[in-house]
Amino acid sequence: MVRALHILITLLLFLSTPSDALIQITTRLIHHDSRFSPLYDAAATAADRAERSVRASLARLQLASSLSSTRSDEDQGAAGNNDNIEAPLVLAVNQNLFYVNFSIGDPPVPQLAVMDTGSSFSWVKCLPCNLCSSPSPGSEATFFDPSMSRTYTPRPCTKACRRCTTGTGPSNCMYAIDYLSGHSSSGVYSTDQLTFRTSDDGVTTVPDVQFGCCHNLTGIKKLDQHATGILALSGKRSLPFEETPLVIKLGSLFSYCIGSIFDRSYPYNRLSIGAGDADLAGDSTPFITDHIGHYFLQLQNISLGGQVLDIPSQVFTKISKQQGITLDSGSELSFLYTDAFDVVKSEVQKLASSVLTEVPGGKGAYELCYRGSVNVEGQGFPVLGLHFADDADLVVDNTGMFYQVEDGVFCLAVLRSNSVSIVGVMAQQGYNVGYDLKASRVYFQDIDCQLLEG
């Protein structure tokens, strides 16, 4: 499911990678509201951020719900052809949470891309680009001109391509992505090298990466203003799954560590891709994927303060029929299927009744709210535990359970859903989440992201 990304760089080429080496990348993740983001707004209030968060999270839920209802309509042609890029994807264009800096081509052209675990095809805006506005002021990111890159190669037209370029000259394979939100991206299916600035201020280059060179955008106004493309981390066309003709591999592994999204100066949120850099540690649980490539886990129990809640087994069966529960990098808030949500809400109310003052009726989409501060009145509130198959646990403390929606009011950051269930970014704070795509397992490592720095 999913949408998010952004900021800084002037990148150099790293030319010494041996042809049989495993590529390893660790780079900074930049939160939308971070001081490191070109979108940082020092004047934004808690209420401003909370309103933006709930609006974007609800949009993410709506798109995920649309996907859930259409999963049985998989395009078998799109699933079976390497060069056929027409599968619908999801993108939350209202607010992208995390951005990644990289450069593309030789000479390298800086990009500011949305990191999205819900998208399965990466693309950047290329010249000429129809209906594309310029990147946001102050950003070093810019459009990519494929004619200026010594390493750019368009994919030739084959029988597997549904669309090919016409006119004089060689015919190339086209891609076209129609997002469920009604937006679209189209252009030439291509390969070129990507260069990443690593967390230790070095650079790493990944050659022959498959991507879309976008020449036409429709309706992606917000993304058009703030980012130059999508860095996809889902499905077999995503960067972690790349196996290039040069046998330079990424090992089908990636991880991201989110230490804090509320500390605007926190510098250790990070993305790691490839064997050696992707940290796979802690509890692990299997995941399944839908035809687009989204990752779903099997939720088996929920606890509060260490006590397993009395949620009927058939509720978890219903959640499983929606594929399970997904980890989303594009939604700050979490969502639970309504029958499970009602139990969680009721138990939180019981525990809070003697120590917190409830706000009658909640605040908009936030159904359960209290007077005070998350870090004062909410400090020490019993933790919420999400328990997955194979005894893998994700434990959420007060900073992941509650959102400071305005001065003097904080609310439960888990909302009701009538369809899919989502573990949002707030609940993933304090964890390094690792994916082994070939083994179909996800890992939860409870750790301060700073400790992962070399």
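These numbers were taken from a predicted model, which means no experiment stands behind them.

(A) Local environment of helix α4 (residues 313-321). Burial in α4 covers these residues: Val 315, Phe 316 and Ile 319. Each buried residue of α4 sits inside an arc of 95° when the element is viewed along its axis, so together they form one side. Turned more than 90 degrees off the buried face of α4, the exposed positions are Ser 313 and Lys 321. Here the buried face of α4 lies against β15 (299-304), β17 (325-327), β18 (334-337), α5 (338-352) and β26 (421-423).

(B) Structural context of the nonpolar core. Core analysis: the biggest nonpolar cluster contains 93 residues, and Leu 271, Ile 302, Tyr 366, Tyr 435 and Phe 444 have the highest contact counts within it. Element by element, the count of residues in this core is highest for α5, at six residues. Leave out the neighbours within four places in its chain, and Ile 302 touches Gln 307, Val 308, Leu 309, Ile 311, Phe 316, Leu 336, Ala 340, Val 344, Leu 384, Gly 385, Leu 386 and His 387. In this structure, Phe 143, Cys 173, Tyr 175 and Ile 230 belong to the second largest nonpolar core, which totals 19 residues.

(C) Structural view of the state of the cysteines. One pass over the full model with this rule turns up five disulfides. Between the sulfur atoms of Cys 126 and its disulfide partner Cys 213 the distance amounts to 2.1 Å. Judged by the sign of its S-S torsion, about -120°, the cystine formed by Cys 126 and Cys 213 is left-handed. Taken together, the positions of Cys 126 in strand β5 (residues 123-130) and Cys 213 in strand β9 (residues 203-218) put the pair 87 residues apart, joining distant regions of the chain. Pair check on accessibility: Cys 126 and Cys 213 agree, each one buried. The disulfide partner of Cys 157 is Cys 164, and the S-S distance across this bridge is 1.9 Å. Residues Cys 157 and Cys 164 are joined through a disulfide that is right-handed, its torsion about the S-S bond being 70°. On the basis of relative accessible area, Cys 157 is assigned to the partly exposed category, the value being 32%.

(D) Region of the structure containing the side chain of Ser 334. When you line up the elements, Ser 334 lands in strand β18. Contacts of Ser 334, omitting those with residues within four sequence positions, involve Ala 413, Val 414, Leu 415, Ile 422, Val 423, Gly 424 and Ala 427.

(E) Representation of empty space enclosed by the protein in the model. Inspection of every chain in the model, using the stated rule, returns five cavities of 30 Å³ or more. For the largest cavity, the calculated volume is near 90 Å³. Considering the residues around the largest cavity, the lining is formed by 13 residues, among which Ser 334, Leu 384, Leu 386, Val 414 and Ala 427 are closest to the centre. Elements supplying a minimum of two residues to the lining of the largest cavity: β18, β21 (384-388), α6 (398-401) and β26. The dominant element in the lining of the largest cavity, judged by the number of residues it contributes, is β18, at three residues. Within the lining of the largest cavity, the residues separate by chemical class into 11 nonpolar, two polar and no charged.

(F) Inspection of the sheet that holds strand β16 (residues 307-308) at higher detail. Overall, antiparallel pairing links the four strands, which are arranged β16-β15-β21-β22 in an open sheet. On the outer flanks of this sheet lie β16 and β22 (392-396), each paired with one strand and no other. α5 contacts β15 and β21 of the sheet and is inclined by roughly 15° relative to β15.

Criteria and cut-off values
Residues numbered from 1 in each chain as written. Predicted model: local features only at pLDDT ≥ 70, side-chain atom pairs only at ≥ 80, totals over all residues. Heavy atoms only, no water. Buried < 20%, exposed > 50% of the residue type's maximum accessible area, 1.4 Å probe, protein only. Helix = DSSP H or I, 4+ residues; strand = E, 2+ residues; numbered from the N terminus. Arc of directions from axis to C-beta. Contact = heavy atoms within 4.5 Å. Core = buried A, V, L, I, M, F, W, Y, C linked by side-chain atoms within 4.5 Å. Disulfide = S-S within 2.5 Å. 1 Å grid on protein atoms, 1.4 Å probe; cavity = no way out; pocket = protein on both sides within 12 Å on 5 of 7 lines; lining within 4 Å. Points joined across faces, edges and corners; volume = space filled by probe spheres on them. Nonpolar A, V, L, I, M, F, W, Y, C, P; charged D, E, K, R; others polar. Pairing = 2+ DSSP bridges. Axes fitted to C-alpha atoms, helices over the stretch in contact; angles between N-to-C directions.

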